Each structure stands twice: as C-alpha cells, then as structure tokens.
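Examining the three-dimensional arrangement
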Amino acid sequence: MNIAHFMPTRILGGEDCVRQNASEFAALGKRCLIVTGRSSALKSGALQDVMDALIGQGIEYEIFDRVEPNPLLSTCYEAGRLAAELGAEFVIGIGGGSPLDAAKAIAAFATNEMEPMELFSPPFKKVPLPVAAVGTTAGTGSEVTPYSVLTVPELESKRSFTTPHGFPKVAFADVRYTLSMNRVQTVSTGLDAVCHAVESALSAKATVVSLAMAKEALGLLFPVLSRLTGGGAPTLEERSSLLYGSILAGMAISDTGTCFPHAFGYQATFFDDVPHGSATAFFLGEFLRWHVGHADERIGELVRAAGAADMEGLIGVVDSLNPPPKELTREQAAHFSRNTAQSRNFLNSIRPLDPALTEEIYLRVLGK
Ligand code: NAP
Ligand code: ZN
C-alpha cells in the first residue's frame, strides 16, 4: 500500500462559516452563477447566507435553481451556456451531491464550447471556472472530490467525469444546513457515506492515507446510524458526526474511487428513482461478503473502526435502515447487468467481481 494523496480543496467548517469567510468568494471573482436544486438551498438557510456574503463583498450573482436530483447532463449544459453568457467568473454549488456535481459540470461547460457528451472525455481545452461548494446533505462528499456524476437518459445510466479541476476551490461545512433533511434523506445520505468509507477501504487503490480517513469516517458515521435504527432524529452533535464523517469518506474516495456497490446502485437509481445512498447501500452486504477470505484483516479493521460487533452486525444495521423497494424482475436484472459492468468502478476492489455474477447479485438483493 502506498501513501499517494491529493486534495486541493480548502475546507472551512463550523457554524456561520459561509458568512464569516465571505472573502473566500471575493478571491474567486466579481460575478458568479449560484447553482441549486428546487428548494433545499432556500430551506436549509444556505442560500440566504451565500447571498449575504456575496452582497457584502460586492459580488454580482444570478441563480440557476433547476438542478434535479441525479442531475441531467442536459440541465448542466444549459446552465453552462447561461454561465458563459453572464460572464460568470466562478460557480457556487449549494445543495446535496446533485447541485454540487452539477456545478462542476456547469463550470466546465462555461469555459468550453463543446458537445454535451465531450464532458466525459477530459482534459478540456480550457480550464473550468473555479467552484465553491456549500453542502446541505451529509453523504456524497462531493465538496471534496474531483468527481461529478450525471444522468444521461440516452445511455439509460449515470456517467461520471473526473478532473483535478473538479475539486472545488473551497468547501463550506456548516452542520445547520443539514438540519432540514428529513429522516429518509438523513439515513440515505448517511448510508452513502458509509458505502464510500467501506468501498474506499476495500478498493484496489487504497493507500495508508485513504484507509486512515475511511476508518475515521466509519467511526463517526456508524455509531450514529446504528442508534438511528431505534428511530428518532439525530442530535446536533450526531449530525456533526455525520457531516464530518461524510467529508472524510469523500476525501477517501478521492484517492481510491468507489467500487461495485456504486456501479449497481446507479442502475437502481436510474430505473426506480431510489435515492443514491439507499440504492448503493443495498449492495454493501454483497460487497463485504465477496471479500471474505480475500481481505479479512481489512474487514476486521473496518468492523473495529465502526464499533460493530462483527461484519454481519455492520451489514445488519445498514440493511435494517434500508429495506429494499419494489421487486425486481429477471428481465430487469438482465437489463441492469449490461449497464452495470460498463461502470468505471465495477472492478475496482481488492477482489474484483466476476461479471458473470452481476445478474445473480441483482436478483439476490432486489429480487426477493
Ligand atoms: P441530492 O440528490 O443532492 O438531494 C436529494 C434530495 O434532498 C433533493 O430533493 C434535495 O432537494 C433534498 N435536500 C438536499 N439537502 C437538503 C436539506 N438540507 N434539507 C432538505 N432537503 C434537502 O442528494 P445527495 O444524496 O446529496 O446527492 C446525490 C447525488 O450525488 C447523486 O447524483 C450521486 O450520484 C452523486 N454523488 C456524487 C459523488 C461525488 O463524489 N461527486 C459521490 C457520491 C454521489 P433539492 O432538489 O431542492 O436540492
Ligand atoms: Zn455515493
């Protein structure tokens, strides 16, 4: 295992960190496009804080508030052209992974007049606009990753692009913005972060740094999720653990990428509209069990870091928070399988998956 690590994002955390660090925006330019989903930026209070900060710094802004969950490539293309027309010098993403990933794509389209699908073949001719990320969920870690995951209906799938410019220049982590998430959103995004930590730790590309972050993340995330199996809502302190755990897990996948649970989950999200974190977590048990006998020491480290009784105990907590949705037919499983194997993260693990098993796994997990 090596020590390679790259993470150029400045992370600013704590209550009121956006307004207290307003000069960070001024360092990025004088005019920007704010990119949000339909309502969470407003509901969480993050949009108001960003607007206050920009006004205080004399920065002009326009708001694009039409990013859908699991953002469409076409939406990002449209907003990218808008950013170019406005002469935006930087982009601020406010929201969960969807607006943050969209902001990265919009930043690339703003400086590059290219066909939408060219987004997936970086490097780009021109450097994308700088991005500032204001997270409102505690899951994807997109604030600190170089990845952007978009939905391409023509491919019947999600597709990602990665470039060093995908790392936001600055990320703000204020736990107050996550308070407006309901239980389903809190659990789903928390499970996404757990998947990031576990998948990163069992990735073929794990390093001593990524592993340390993945284990630390699990230690923050798992006890809170475990407590939530008894019902109720997280306390503010527990929400902070989820937020910081999700950021550490995001930093871990920045080094390693994700593994097959994400490849499977993309399909479940695309076809059944299951939230990303839940869709991915359905497959975490299969992923851990697939590594038994091949990475036992690493699994043991993860179990201890999480404070779980054993591997099955860890899987049990994830599964009890995340009951699978409607039943999958054999035809759907076959269809999903074809797209899953094309995903970049499909074979990225200490024990690469046998593609012949894909359909069987879909049926075992979702076909009951
Ligand atoms: P999301 O898709 O950004 O948001 C899901 C829902 O939660 C939306 O309806 C959103 O509302 C709402 N929401 C967000 N924050 C809220 C808040 N504070 N209060 C109330 N509602 C809130 O969810 P996500 O799980 O964070 O992101 C998932 C996306 O990230 C997927 O497309 C996934 O593929 C991607 N992802 C990216 C990375 C990466 O490294 N870049 C890693 C993993 C996953 P609005 O629509 O109004 O915003
Ligand atoms: Zn994820």
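About the criteria used
- Residues numbered from 1 in each chain as written.
- Chains lettered and ligands numbered in written order.
- Predicted model: local features only at pLDDT ≥ 70, side-chain atom pairs only at ≥ 80, totals over all residues.
- Heavy atoms only, no water.
- Helix = DSSP H or I, 4+ residues; strand = E, 2+ residues; numbered from the N terminus.
- Buried < 20%, exposed > 50% of the residue type's maximum accessible area, 1.4 Å probe, protein only.
- Contact = heavy atoms within 4.5 Å.
- Areas by Shrake-Rupley, 256 points an atom, 1.4 Å probe, with all protein chains shown as cover.
- Lys, Arg positive; Asp, Glu negative; His and termini not counted.
- Charge placed at Lys NZ, Arg CZ, Asp CG, Glu CD.
- Near = heavy atom within 4 Å.
- Polar contact = N/O pair within 3.5 Å; in protein donor to acceptor, adjacent residues only side chain to side chain.
- Nonpolar A, V, L, I, M, F, W, Y, C, P; charged D, E, K, R; others polar.
- Donors = N, O, S within 2.8 Å, 3.2 Å for Na, K, Ca; no water.
- Phe/Tyr/Trp six-rings, centres within 6.5 Å; stacked < 30°, edge-to-face > 60°.

Concerning the overall build of the protein chain
Assigned secondary structure in the protein chain consists of 16 helices and 8 strands. Over its C-alpha atoms, taken along the principal directions, the protein chain stretches across nearly 60 × 45 × 40 Å. Looking at the protein chain as a whole, 59% of its 368 residues qualify as buried. Taking the intrachain contacts of the protein chain between residues at least 6 apart in sequence as the baseline, contacts between residues at least 24 apart amount to 80%. Of the roughly 14700 Å² that the protein chain leaves accessible, carbon and sulfur atoms contribute 53%. Across the protein chain, the mean location of the 30 positive side-chain charges is 2 Å away from that of the 40 negative side-chain charges.

Points about the site of ligand 1
Near ligand 1 lie 29 residues; those nearest to it are Ser39, Ser40, Ser98, Asp101 and Thr145. Contacts to ligand 1 include tyrosine 147, whose backbone N or O atom sits 3.0 Å from a nitrogen atom. At 3.2 Å from an oxygen atom of ligand 1 is found a side-chain nitrogen or oxygen belonging to glutamine 185. Isolated, ligand 1 exposes 930 Å² of accessible area, and the fraction of that covered by the protein chains is 90%. Those elements giving two or more residues to the shell around ligand 1 turn out to be helix H6 (97–111), strand S6 (147–152) and helix H7 (183–201). When its residues are assigned to classes, the shell around ligand 1 shows 7 nonpolar, 18 polar and 4 charged.

Remarks on the coordination of the zinc ion (ligand 2)
Bound to the zinc ion (ligand 2) on the protein side are Asp192 (OD), His196 (NE2), His262 (NE2) and His276 (NE2), at distances that span 2.1 to 2.2 Å. Written as a sequence motif, the donor arrangement for the zinc ion (ligand 2) is D-x3-H-x65-H-x13-H. With aspartate 192 in helix H7 and histidine 262 in helix H10 (residues 260–272), the pair connects residues that are 70 residues apart, well separated along the chain. The two residues aspartate 192 and histidine 262 agree in class, both being buried.

Thoughts on the environment of glutamate 331
Following the sequence through the fold, glutamate 331 ends up in helix H15 (residues 330–340). Sequence separation between glutamate 331 and glutamate 154 is 177 residues; the distance between their C-alpha atoms is 20 Å.

Re the packing of aromatic side chains
Counting across every chain of the model gives 12 aromatic pairs. Centroid distance tyrosine 77 to phenylalanine 109: 5.1 Å. Interplanar angle 85°. Geometry classified as edge-to-face. With a gap of 32 residues between them, tyrosine 77 in helix H5 (residues 73–86) and phenylalanine 109 in helix H6 connect regions that are remote in the sequence. Accessibility expressed as a relative area gives 27% for tyrosine 77, which makes it partly exposed. Arranged with centres 5.5 Å apart and planes meeting at 80°, the rings of phenylalanine 283 and tyrosine 362 form a pair that is edge-to-face.

Purely geometric stuff here, so don't read any function into it on its own.
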